[in-house]
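Close look at the chain arrangement
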Amino acid sequence: MRDVIIVAAIYCILFVVLTTPTGEPAMGMSAVAFANFHHFLADLLFWAAALFICASGTYGAFARQDRFGMSQNHPLMNRILSLSLMIAPFLAVLVNVRFVYVLLGLLLFSHMRSRKDEEKNIAFSNSRALSNMVLIPIFTLAMILMSGQDYRVTSIFNWGSTISAPTAETQPITTAED
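Let me begin by describing the structure that accompanies this report. (Residues numbered from 1 in each chain as written. Predicted model: local features only at pLDDT ≥ 70, side-chain atom pairs only at ≥ 80, totals over all residues. Heavy atoms only, no water.)

1. Some remarks on empty space enclosed by the protein
Summed over all chains, the structure comprises one cavity of 30 Å³ or more. Each pocket or cavity is described by its volume, and for the largest cavity that value is around 40 Å³. Around the largest cavity, the lining residues are Asp 3, Ile 53, Ser 56, Gly 57, Leu 103, Leu 104, Leu 107, Arg 128, Asn 132 and Leu 135. At the level of secondary structure, the elements contributing two or more residues to the lining of the largest cavity comprise α2 (31–63), α4 (99–113) and α6 (128–148). For the lining of the largest cavity, the residue count by class is five nonpolar, three polar and two charged. (1 Å grid on protein atoms, 1.4 Å probe; cavity = no way out; pocket = protein on both sides within 12 Å on 5 of 7 lines; lining within 4 Å. Points joined across faces, edges and corners; volume = space filled by probe spheres on them. Helix = DSSP H or I, 4+ residues; strand = E, 2+ residues; numbered from the N terminus. Nonpolar A, V, L, I, M, F, W, Y, C, P; charged D, E, K, R; others polar.)

2. Quick word on α4
Its 15 residues give α4 an end-to-end C-alpha distance of 21 Å, which sits within 8% of 21 Å, the value for a rise of 1.5 Å per residue. Tucked inside the fold, the buried residues of α4 contact α2, α3 (75–94) and α6. (Expected span 1.5 Å × (residues − 1). Contact = heavy atoms within 4.5 Å.)

3. Concerning the pattern of salt bridges
Any two side chains of opposite charge can pair if their charged atoms end up close together. Scanning the entire structure with this criterion turns up one salt bridge. The salt bridge partner of Arg 2 is Asp 3, with a shortest N-O separation of 3.6 Å. (Salt bridge = Lys/Arg side-chain N within 4 Å of Asp/Glu carboxyl O.)

4. A closer look at the nonpolar core
Tyr 11, Leu 14, Phe 46, Val 97, Val 100, Phe 139 and Met 146 are the most contacted members of the largest nonpolar core, which has 36 residues in total. Mapped by element, the contributors of at least two residues to this core are α1 (2–18), α2, α3, α4 and α6. Looking at this core element by element, the count peaks at nine residues for α2. Beyond its immediate sequence surroundings of up to four residues, Phe 139 is in contact with Tyr 11, Phe 46, Ala 50, Ile 53, Val 97, Val 100 and Tyr 101. (Core = buried A, V, L, I, M, F, W, Y, C linked by side-chain atoms within 4.5 Å. Buried < 20%, exposed > 50% of the residue type's maximum accessible area, 1.4 Å probe, protein only.)

Spelled out as structure tokens, the structure:
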């Protein structure tokens, strides 16, 4: 649950940042400079939590590989899921942040499906399965709020990209007769 607390704390700060108005000057900056600073700060907070999820998920992925409970009946599927689990954090950072869902989903499946004897003694409220189950909606809410501000989040290489607003060149010309 430590991961959930850290990610929730970072995303709470992100939620506060995303709910501040950006259309007017603030903190001695012009409106445009403040909007750019707002976008940078929102990206920084979003990626800090996403990278923390990926880092802790990478550790979980390497520790829990081949733990899907399919070794006997479906060894090929077990291997594919293990490889997907191990590369998902890297794909989330380098290709598209939505691979965090693959990472958290496979970790959740691994924790729910294959439990060793010592894991069976852990209460569900203290388990990693609950942590992964709670991280999915927190991450989803952060993605929704980022896209609600028109801050497109894909990979870390697209840092600061926004959905472009329509300009006069892209708008169709309308006349009074239309």
